[in-house]
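# Tertiary structure, described
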Amino acid sequence: MNDIAHNLAQVRDKISAAATQCGRAPAEVTLLAVSKTKPASAVAEAIAAGQRAFGENYVQEGVDKILHFRKAGVDDLQWHFIGPLQSNKSRLVAEHFDWCHTIDRLRIASRLSEQRPADLPPLNVLIQVNISDEQSKSGIALSELDALAAQVVELPGICLRGLMAIPAPETEYARQFAVARQMAVAFEALKTRYPTVDTLSLGMTDDMTAAIAAGSTMVRIGTAIFGARDYTKN
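Just so we're clear, the structure is a prediction, and the values are computed from it rather than from any experiment.

Parameters and conventions
Residues numbered from 1 in each chain as written. Predicted model: local features only at pLDDT ≥ 70, side-chain atom pairs only at ≥ 80, totals over all residues. Heavy atoms only, no water. Buried < 20%, exposed > 50% of the residue type's maximum accessible area, 1.4 Å probe, protein only. Helix = DSSP H or I, 4+ residues; strand = E, 2+ residues; numbered from the N terminus. Arc of directions from axis to C-beta. Contact = heavy atoms within 4.5 Å. UniProt positions renumbered as here; feature names shortened; annotations may be inferred. 1 Å grid on protein atoms, 1.4 Å probe; cavity = no way out; pocket = protein on both sides within 12 Å on 5 of 7 lines; lining within 4 Å. Points joined across faces, edges and corners; volume = space filled by probe spheres on them. Nonpolar A, V, L, I, M, F, W, Y, C, P; charged D, E, K, R; others polar. Pairing = 2+ DSSP bridges. Right-handed = clockwise from strand over helix to strand, strands pointing away.

### Digging into helix α6 (residues 145-152)
- For α6, every residue scored as buried is listed here: Leu145, Leu148, Ala149 and Val152. Seen from one end, α6 has its buried residues packed into an arc of 100°, which puts them on one side.
- Buried positions along α6 lie against β4 (99-103), α5 (106-115), β5 (123-129), β6 (158-165) and α7 (173-193).

So, in structure tokens, the structure goes:
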């Protein structure tokens, strides 16, 4: 077993343990492997180990990988864009990705809606919430969620699936859980209004256990699978 396959197995075990510990079924939590800055060869190792959902932060890098595997005949993958999205890059996301996690304004949602090719299924989108109110991070305040969601669900070509957040780093489990629960409460409320909403993208390598206990349905794991990020490929 190679390192990436071994790491994936360990992460899946941790997800399973965290879900079981809080009375949830492990199948309720999707593992999104964050492959940003990693070469296609590393993604191929993860694919060989059964991983199918991948997250990319940089548009062109992600598109290059999508096209690489499509050309290789690997067509059962799910590609998630999880980075900040500038208007001038929205077309590439609309044309190539399956998901966009970082909707934080109507203008971006509208562009994705207009630019999604008619022959593709609707682009799955998540609204990003800046749950820790950090100036350095994208996302809306929880108080803005209802208004933006009501606008996004009316757009053709995209499908509102839920929420995403990147909480500020916390070392204490209790604090991690408290912040995650804020997101989970907002997610549950959104689910009651929109039948397509089923995804809470929350939790990374260091706070995954608390996120799952709070109700996350998708965790975004990079370092624990692929190793340290390569900062030369930013």
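Text resumes after the structure shown.
### Digging into the UniProt feature "modified residue: N6-(pyridoxal phosphate)lysine" (unreviewed entry) in the protein chain
- In this numbering, the UniProt entry assigns the feature "modified residue: N6-(pyridoxal phosphate)lysine" (unreviewed entry) to Lys36.
- Note that Lys36 resides in the loop between β1 (30-34) and α2 (40-48).
- Accessibility expressed as a relative area gives 21% for Lys36, which makes it partly exposed.

### Examining the layout of surface pockets
- Roughly 740 Å³ of internal volume is contained in the largest pocket.
- Lining of the largest pocket is provided by 32 residues; of these, Lys36, Ile166, Met204, Thr205 and Arg220 occupy positions nearest its centre.
- Contributions of two or more residues to the lining of the largest pocket are made by α7, α8 (208-214), β8 (218-221) and α9 (223-226).
- Looking at side-chain class alone, the lining of the largest pocket contains 16 nonpolar, 8 polar and 8 charged residues.
- Approximately 280 Å³ is the volume attributed to the second largest pocket.
- Together, 17 residues line the second largest pocket, and Arg70, Leu77, Trp79, His96 and Asp98 are the ones closest to its centre.
- Going through the elements one at a time, α3 (59-71) and α4 (90-96) are the ones with two or more residues in the lining of the second largest pocket.
- For the lining of the second largest pocket, a count of residues per class yields 9 nonpolar, 2 polar and 6 charged.

### Some words on unusual backbone geometry
- Even without a glycine there, the phi angle at Thr37 is positive, about 65°.
- Summarising the element assignment, Thr37 is placed in the loop between β1 and α2.
- On the basis of relative accessible area, Thr37 is assigned to the buried category, the value being 2%.

### Notes on the environment of Leu202
- Here Leu202 is to be found in the loop between β7 (199-201) and α8.
- With near-sequence residues (within four places) excluded, Leu202 lies in contact with Ala165, Pro167, Ala180, Met183, Ala211, Ser216, Met218, Val219 and Arg220.

### Concerning the pairing of β4
- Counting buried positions along β4 gives 5 out of 5 residues, so the element sits mostly inside the fold.
- The pairing of strand β3 (residues 78-81) with β4 spans 2 bridges and is parallel. Across the sheet, the residue bridging to Phe81 is Cys100, located in β4.
- The β-α-β motif built from β3, the intervening α4 and the parallel element β4 has right-handed crossover chirality.
- Alignment of β4 against β5, held across 3 bridges, turns out to be parallel. Note that in β5 the partner of Ile103 across the bridge is Ile127.
- With α5 bridging β4 and the parallel β5, this β-α-β connection has right-handed handedness.

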